[in-house]
Amino acid sequence: MELYPKLILEALSHVTHPATGKNIVESGIVEDDIRIEGRKVSFSLLLKSTDPLAKSLVKASETAILTYIGPDVEIKGNIAVKSPVEPQTEKEEPLKGVKYKIAISSGKGGVGKSTVSANLAISLAKAGYKVGLLDADIFGPSIPKMFGVEGATPYADENGMILPIEKYGVKMLSIGFFVNTDSAIVWRGAMASGAIKQLLTEAAWGELDYLLIDLPPGTSDIHLTVVQTIKLDGAIVVSTPQQVALADAVRGIDMFQNEKINVPVLGLIENMAWFTPKELPENRYYIFGKEGVSRLAEERGIRLLGQIPLVQGICEGGDNGVPVSLSDTITALAFDNIAKSVVFQ
């Protein structure tokens, strides 16, 4: 008798799975991988490895082939058991109480990304929004100092969730609250990524309108951990106008626009756009170049969210734990206007 797949399936239709009462062909247990080489037959059964009936169903399938086709069929030892592929379920969003999650990034360090993050968070809070700020710059946490809460220690609630520190209407967490920031943080990538994931998913952020995430400069495992852990609603890229910073900013933009990450870039912020002396507030000195970020935004078709001047008050405010957005200055107004431009309608 010539062997062919339909003949094999007809024989296997006589094998019933005791738990369902249906034959293994009808139940989809027989994998579509039947191979026939002369009188040798092989195929797979899709059964969970924990199924206690797996061995007996293999034995019953061998018997069915030998009974309904012929005793000369080489089938013994040729039936494999494969675990069925589980249907993928959509990943549950860990921050259900947060409406919008925005990453703040920079291509290189030293362009004032954390300063922008802190002041933007405060400007949003001043506008009446519930705001959280995660300092994900794990190797150089600066948010605690900028808010004047370096000695704070977050505690856990009754459910073991970390309670953020709150000041100026902003809830915040930083690795700086848990390590000695006077010493270098020497962690492997997996340790750093694990810490960020914990601060995101094991914290009692509660109901927030906006959670700002101050990412490390460049592109790293931390960035990937964030986008794999939560769904970001957008990213803001901060740069100074100088060419070196702009080249790195382009890489940051490309990272977010990569099809595997696919996070909308909400806009660019030009920090240190010009220097204005305190005693000459009308004067502008373009130390790092003029409107480099503005041109980049136009070239890439991305919004320029705002230009922040380099003024003495920003540095003093960050060092003293009183961000400039709390003041009544032109710089504070610039941050307030940026906050308005990033608000989701």
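Analysis parameters
Residues numbered from 1 in each chain as written. Predicted model: local features only at pLDDT ≥ 70, side-chain atom pairs only at ≥ 80, totals over all residues. Heavy atoms only, no water. Salt bridge = Lys/Arg side-chain N within 4 Å of Asp/Glu carboxyl O. Helix = DSSP H or I, 4+ residues; strand = E, 2+ residues; numbered from the N terminus. Buried < 20%, exposed > 50% of the residue type's maximum accessible area, 1.4 Å probe, protein only. Arc of directions from axis to C-beta. Pairing = 2+ DSSP bridges. Right-handed = clockwise from strand over helix to strand, strands pointing away. Axes fitted to C-alpha atoms, helices over the stretch in contact; angles between N-to-C directions. Contact = heavy atoms within 4.5 Å. Left-handed = near helix turned anticlockwise from the far one by under 90°. Nonpolar A, V, L, I, M, F, W, Y, C, P; charged D, E, K, R; others polar. Lys, Arg positive; Asp, Glu negative; His and termini not counted. Polar contact = N/O pair within 3.5 Å; in protein donor to acceptor, adjacent residues only side chain to side chain. Phe/Tyr/Trp six-rings, centres within 6.5 Å; stacked < 30°, edge-to-face > 60°.

Novice: So what exactly am I meant to see when it comes to the pattern of salt bridges here?
Specialist: Any two side chains of opposite charge can pair, so long as their charged atoms come close to each other. Applying the stated criterion across every chain yields a total of nine salt bridges. Between Asp248 and Arg251 there is a salt bridge, with the nearest N and O atoms lying 2.2 Å from each other. Here Asp248 pairs with Arg251, and both are found in helix 7 (residues 243-257), just three residues apart, close to one helical turn. What you see here is one network of salt bridges that share partners, running through Lys113, Asp137 and Asp214.

Novice: Any chance you could explain helix 6 (residues 221-229) here in plain terms?
Specialist: In an α-helix, one turn spans 3.6 residues, which is why side chains three or four residues apart end up on the same side. Along helix 6, the residues classified as buried are Ile222, His223, Thr225, Val226 and Thr229. Seen end-on, helix 6 carries its buried residues on one side only, within an arc spanning 160°.

Novice: How should I be thinking about the pairing of strand 11 (residues 304-310) in this particular structure?
Specialist: Regular strands place side chains that alternate from one sheet face to the opposite one. Across five bridges, the pairing between strand 10 (residues 265-275) and strand 11 is parallel. Directly across from Ile269, in strand 11, lies its bridge partner Gly306. The β-α-β motif built from strand 10, the intervening helix 8 (residues 292-300) and the parallel element strand 11 has right-handed crossover chirality.

Novice: Please explain the sheet that holds strand 7 (residues 170-174) as it appears in this structure.
Specialist: Picture the strands of a sheet paired through backbone hydrogen bonds; they go either parallel or antiparallel. The sheet built from eight strands is open, its strands ordered 6-7-5-8-4-9-10-11 with mixed pairing. Of all strands in the sheet, those bounded by a partner on one side alone are strand 6 (165-167) and strand 11. Pairwise comparison of adjacent strand axes, ignoring direction, gives a mean angle of 25° for this sheet. Along the sheet, helix 8 makes contact with strand 9 (234-239), strand 10 and strand 11, crossing strand 10 at roughly 160°. Relative to strand 11, helix 10 (residues 330-342) is tilted by about 165°, and along the sheet it contacts strand 4 (98-106), strand 8 (208-214), strand 9, strand 10 and strand 11.

Novice: Would you explain the packing of helix 1 (residues 5-12) against helix 2 (residues 54-68) in this entry?
Specialist: Packed helices, taken two at a time, are described by the angle between their axes plus the distance between the axes. Where helix 1 meets helix 2, the closest approach of the two axes is 8 Å, and the angle between their N-to-C directions is 115°. With respect to the hand of their crossing, helix 1 and helix 2 are arranged in right-handed fashion. Two secondary-structure elements touch here, helix 1 through Ile8, Ala11 and Leu12 and helix 2 through Ser61, Ala64, Ile65 and Tyr68. Class assignment for the residues of the contact of helix 1 with helix 2 results in six nonpolar, one polar and no charged.

Novice: Teacher, can you tell me more about the side chain of Asp157 here?
Specialist: Assignment of secondary structure puts Asp157 in the loop between helix 4 (143-146) and strand 6. As a buried residue without a salt bridge, Asp157 has its nearest oppositely charged side chain in Lys171, at a separation of 10 Å. A polar contact is formed between the side chain of Asp157 and the backbone nitrogen of Asn159, at a distance of 2.9 Å. When residues no more than four places from it in sequence are discounted, the contact partners of Asp157 are Leu163 and Ala204.

Novice: Would you take a moment to explain the packing of aromatic side chains for this structure?
Specialist: For any pair of aromatic rings, the description rests on two quantities: the centre-to-centre distance and the angle between the ring planes. Applying the stated rule across the entire model yields seven aromatic pairs. Each ring, one from Tyr100 and one from Phe344, has its centre 4.3 Å from the other, and the planes form 5°; the classification is stacked. Here the residue Tyr100 occupies a position in strand 4, and Phe344 occupies one in the segment after helix 10, the gap between them amounting to 244 residues. Taking relative accessible area as the criterion, Tyr100 reaches 24% and is therefore assigned partly exposed. Ring plane angle 70° and centroid distance 6.3 Å describe the contact between Trp274 and Tyr286, whose orientation is recorded as edge-to-face. Linking Trp274 in strand 10 with Tyr286 in the loop between strand 10 and helix 8, this pair joins segments that are 12 residues apart in sequence. Judged by its relative accessible area of 10%, Trp274 is buried.

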